[in-house]
Amino acid sequence: MTETPGAHPTEPARPTGNDLHLDLPATGGRRSALMAALREAIRTGRLAPGTRLPPYRALAADLGLARNTAAEAYAELVAEGWLTARQGSGTTVAERAAPVRSDRVRRPIRRSGPVHDLRQGRPDAAAFPRTAWLAAARRALTAAPNEAFGPGDPQGRRELRTVLADYLARARGVRTDPDRIVVCSGFAHALRLLFDGAAPVLPPAEQGPLAVEAYGLGFHRGLLAAAGVPAVPLPIDEQGARVDELARHPDVRTVLLTPAHQFPTGGPLHAGRRAAVIDWARGRGGLVLEDDYDGEFRYDRQPVGAVQGLDPDRVLYLGSTSKSLSPALRLGWMVLPDHLVDRVLAAKGEREAWASALDQLTLAEFIDSGGYDRHVRRMRRRYRDRRDQLVAALAVNAPHIEVSGIAAGLHAVLRLAPGTERSILKAAAYRGLAVEGLADYRHPAVTAAAMPAADGVVVGYATPPDHAYPAALQALCDILPPPAGAARSPESGGGSGSAGGEGQATVRLP
């Protein structure tokens, strides 16, 4: 039955029609207040011409008004020309009741950002496997038990923990089982569970200071500092972190390392040092935190396996999908020694508050179906090609620049002459090129005596789309310093000094 203003059907009201939010003042006549609110909604454009209004009975029930009040308000607005009521069409906003347009000129929103983005840590967003992920999500939702849609298990979905145990053993040499895996929302979340909160898993009072690598991510240092965790930086050389320095700090019982690919300088932890840090942990009763942030992307040799495989009771392995798939997924995992599982779950709470159970089920299906392996292999080829283009561009434009850390990962380090890093970063900013200096990653407590500072630029080669990558590389080469003694081109902003010349970039493959 179609309702028109003035009609009074006898059947009970039913909550049909579109929802309509109106704010009516608490005082004054109800009919006048409703009419004023509807006029204002139409005048400002919140109710566009042609919008169908809810039946007056439904609106009266929503607003707590008498039916006659709503019906009379509709009828008067129809008479005034604000509304139109037709048999079979209900009540709609009149087409001629267009909102008053402001004379102010709307300015387009300007999105700020670099012209060329070569920042590290960002996978190629355009390469996310949307079709395969959607297919996995459909299969996962179809097969999901009903309880998967209830409160989440803080340890993570069993389906995901089971396939992760198999995948990590096969691809990364991790020794574990599903009961020793706890799902989290990424590496930062794992650090917060371990060190922050009312009941941290590894409180400083018990563990002492945390040993970290001399170069690392400032965000992680800030997170640890906010949690009150003092840090002891370990020097780095060509073989990775100097773990022998741990013997000089008897109060340290926990060390955080990036052994597969030191961040950001590059290179794996030497085999002898891997064994040495395990011996240190056993002798000290300590723990090694292994950040395996991009271990799947190694290009020139066989992948370097996880240190965790040497001693699962002394190594806490941390991984995520942020580099392999996307940081937008917010999915990671902690492979724990047995004695830490209950403590981590207690820190998480009784229900999963971070990682979506549906995303976990989708990732489990994506891995189990082989889609994850296929994606990683495809991206490994893609990123290797990106890396080769970077090396080739440097060989032509700046063969005197040394490139390191390129055997794996999504970034490289361009070594610079002492004292040139700051000027190069200024030139990059002037040209709209987003890169980062090596100094940004150096721990502030590292002394020059322990480890001399090095100038360099950290270049991420995964972010730009394919069509923009050559221009980004050229912009990078344009701001690099010329060889020592060569004249600087004033219009190059730093200049490569040998554009179009021949030569080979100095490359180190640790």
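For the structure itself, look to the data block above.
Residues numbered from 1 in each chain as written. Predicted model: local features only at pLDDT ≥ 70, side-chain atom pairs only at ≥ 80, totals over all residues. Heavy atoms only, no water.

**Q** Got a sec to walk through the sheet that holds strand 12 (residues 332–335)? Specific residues and values, please.
**A** Reading across from one edge, 4-12-11-10-9-5-6 is the order of the seven strands in this open sheet, with mixed pairing throughout. The sheet is open, and its two borders are formed by strand 4 (181–184) and strand 6 (231–234), each paired with just one other strand. When strand polarity is set aside, the average angle formed by the axes of neighbouring strands in this sheet is 20°. Relative to strand 12, strand 4 is paired through four bridges, and the arrangement is antiparallel. Across the sheet, the residue bridging to Val-183 is Trp-333, located in strand 12. (Pairing = 2+ DSSP bridges. Helix = DSSP H or I, 4+ residues; strand = E, 2+ residues; numbered from the N terminus. Axes fitted to C-alpha atoms, helices over the stretch in contact; angles between N-to-C directions.)

**Q** Kindly report on the packing of aromatic side chains, identifying the contributing residues and their values.
**A** What describes a pair of aromatic rings is the distance from one ring centre to the other and the angle between the planes of the rings. Taken as a whole and judged by the stated rule, the model has seven aromatic pairs. Relative to Tyr-293, the ring of Phe-263 has its centre 5.5 Å away and its plane inclined at 85°; by these criteria the two rings are edge-to-face. Pair noted here: Phe-263 is in the loop between strand 9 (254–257) and helix 9 (271–284) and Tyr-293 is in the loop between strand 10 (287–291) and strand 11 (315–320), with a separation of 30 residues, a long-range link. The exposure class of Phe-263 is buried, given its relative accessible area of 9%. Looking at Tyr-293, the relative accessible area reads 14%, which means it is buried. Over the ring of Tyr-469 we find Arg-386; its NZ or CZ atom is 4.6 Å from the centre of that ring. (Phe/Tyr/Trp six-rings, centres within 6.5 Å; stacked < 30°, edge-to-face > 60°. Buried < 20%, exposed > 50% of the residue type's maximum accessible area, 1.4 Å probe, protein only. Lys NZ or Arg CZ within 6 Å of the ring centre and 35° of its normal.)

**Q** Report on a positive patch on the surface, specifying residues and quantitative values.
**A** The grouping of Arg-374, Arg-377, Arg-378 and Arg-381 at the surface amounts to a positive patch. As for its position among the elements, Arg-374 is in helix 12 (residues 371–397). (Patch = residues over 30% accessible without salt bridge, like charges linked within 9 Å, V, L, I, M, F, W, Y side chains within 5 Å. Areas by Shrake-Rupley, 256 points an atom, 1.4 Å probe, with all protein chains shown as cover. Salt bridge = Lys/Arg side-chain N within 4 Å of Asp/Glu carboxyl O. Lys, Arg positive; Asp, Glu negative; His and termini not counted. Charge placed at Lys NZ, Arg CZ, Asp CG, Glu CD.)

**Q** Lay out the packing of helix 6 (residues 187–195) against helix 8 (residues 218–226) in plain terms, naming residues and giving numbers.
**A** Relative orientation of the contacting elements helix 6 and helix 8 amounts to 20°, with a least axis distance of 10 Å. The angle between helix 6 and helix 8 falls in the class roughly parallel. Relative to helix 8, helix 6 is oriented so that their crossing is right-handed. Mapping the contact onto sequence places Phe-187, Ala-188, Leu-191, Arg-192 and Phe-195 in helix 6 and Phe-219, His-220, Leu-223 and Leu-224 in helix 8. (Parallel < 35°, antiparallel > 145°, perpendicular 65-115°, else oblique. Left-handed = near helix turned anticlockwise from the far one by under 90°. Contact = heavy atoms within 4.5 Å.)

**Q** Give me the lowdown on a nonpolar patch on the surface, citing residues and values where you can.
**A** Judged by side-chain polarity, Leu-141, Phe-149 and Leu-358 come together as a nonpolar surface patch covering roughly 280 Å² of accessible area. On the secondary structure map, Leu-358 appears in helix 11 (residues 357–368). According to the relative accessible area criterion, Leu-358 is partly exposed, its value standing at 35%.

**Q** Describe in detail helix 8, supporting the description with residues and values.
**A** Those residues of helix 8 not exposed but buried are His-220, Leu-223 and Leu-224. For helix 8, the angular spread of buried residues about the axis comes to 95°, placing them on one side. Residues of helix 8 that are exposed and point more than 90 degrees away from the buried face comprise Ala-225 and Ala-226. Close packing links the buried residues of helix 8 with helix 6 and strand 5 (210–213). Just beyond helix 8, the residue with positive phi is Gly-228, at close to 80°. (Arc of directions from axis to C-beta.)

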